[in-house]
Structure formats: C-alpha cells, structure tokens
Amino acid sequence: MDKISPFLKSLRDEMKKSRYKIWLRAFLFVQFSAIFFVYFFRDVGHGYFKWEWVALVFVSFIPLGFLLSLIVPMKADVGLGAVTLSLDKFYLFLIWFLVIAKLIIGRIPPFTPEADFIMAAIMGIMFGRLGGIGLRVRRLKLQHGFIKA
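Read on for a plain summary of the structure. All values derive from a computational prediction rather than experimental measurement. (Residues numbered from 1 in each chain as written. Predicted model: local features only at pLDDT ≥ 70, side-chain atom pairs only at ≥ 80, totals over all residues. Heavy atoms only, no water.)

Side note on the environment of Leu68
Using the following cut-off: Only DSSP runs of H or I with at least four residues qualify as helices, and only runs of E with at least two residues qualify as strands; both kinds are numbered from the N terminus onward. Exposure classes here rest on a 1.4 Å probe applied to the protein chains alone. A residue is buried below 20% of its type maximum, exposed above 50%, and partly exposed in between. Whether two residues touch is decided by their heavy atoms; if any such pair falls within 4.5 Å, the residues are in contact.
Among the secondary structure elements, Leu68 is positioned in helix H3 (residues 51–69). With relative accessibility at 8%, the residue Leu68 sits in the buried group. Along the backbone, Leu68 and Phe90 are 22 residues apart, and their C-alpha atoms lie at a distance of 8.9 Å. Not counting residues up to four positions away in its chain, the partners in contact with Leu68 are Asp88, Phe90, Tyr91, Leu94, Ile125 and Arg129.

Structure representation (structure tokens):
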C-alpha cells in the first residue's frame, strides 16, 4: 500500500497544475463545441437560427467569460513549481444551469432559437474564461519565475 501512496500523491499534484486544468477545460470546450455545432447545423438548416447570430452571440459572451476567469481560485505553488487551480463552483453551476435550460427549452419547438442562443452563449463564456485563465496563469508564472518572459 505504501508503494501506491506516493504515486497517488504525485498524480494528485499533477492534476492540480494549471497545465492539466487548462488542457481539461480546452477539451471540454472542444467537446461542447462539437455537440453544439451538430444542433447549429440542424437549426440553421431549418431556418430557426443564422450563422451570423451564432457568431454575434458567441463573441458577445466572451467578455463575460473573461470576467468569470477572475474568480477562479489559483495560486503559485513554489513546491510544485507551478500554478495550481481550484474548482470554481459558481462557474460549474452556471454552465450546468445553462446546459439544462438549453435541453429543456430545446424540446419546445417555438423556443428553438432561444436554445441556440443559450448554446452560443455557453461557448462564448467557456472560450472567454479559458483565455482569461490562460492569461492569469501566465502572469503568475512570470511573477514567480516559473517561466522566462
């Protein structure tokens, strides 16, 4: 059992690092984007929504994502030589709330455009937050000498 313990501690330390968390968030963004684009193709094809609207809503919600990145708990861990991130419960609640709202609203045909709006908003928020987290992590790494400018 003692031989497994250091491995699990090492794995846990690795999972706290910003690199791991950023790649995980990027993977989730790509996953959501792929799923949502299937819905967008269908809804744009049926005339419920337009690609211009998708782009407009997506871009409009990027600043909100940047703002949400400011409340992500993170700190420089000198022992690990990396920036560590913690779970942001507000963001997690917000995204799941919006996804559930999209699923419910999307089942009611007259509200299909609203469901598409929510999907584009989710993607904009996720993209903006990912970018904001990346910038904050880079700044912390520079401040603590983990990377060179």
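Digging into the side chain of Lys21
Mapped onto the fold, Lys21 is located in helix H2 (residues 18–45). The buried category is assigned to Lys21, whose relative accessible area is 18%.

Regarding the packing of aromatic side chains
Selection rule: Two rings from Phe, Tyr or Trp (for Trp, the six-membered ring) form a pair when their centres sit within 6.5 Å of each other. Planes less than 30 degrees apart are called stacked, planes more than 60 degrees apart edge-to-face, and all others tilted.
Per the counting criterion, the structure on display carries 12 aromatic pairs. Taking the centre distance of 6.4 Å and the plane angle of 45 degrees together, the rings of Phe37 and Phe41 count as tilted. You can see Phe37 and its partner Phe41 sitting in helix H2, 4 residues apart, about one turn around the helix. Classification of Phe41 by relative accessible area gives exposed; the value is 58%. Each ring, one from Phe41 and one from Trp51, has its centre 5.1 Å from the other, and the planes form 65 degrees; the classification is edge-to-face. You can see Phe41 sitting in helix H2 and its partner Trp51 sitting in helix H3, a full 10 residues away along the chain. Owing to a relative accessible area of 33%, Trp51 belongs among the partly exposed residues under this scheme.

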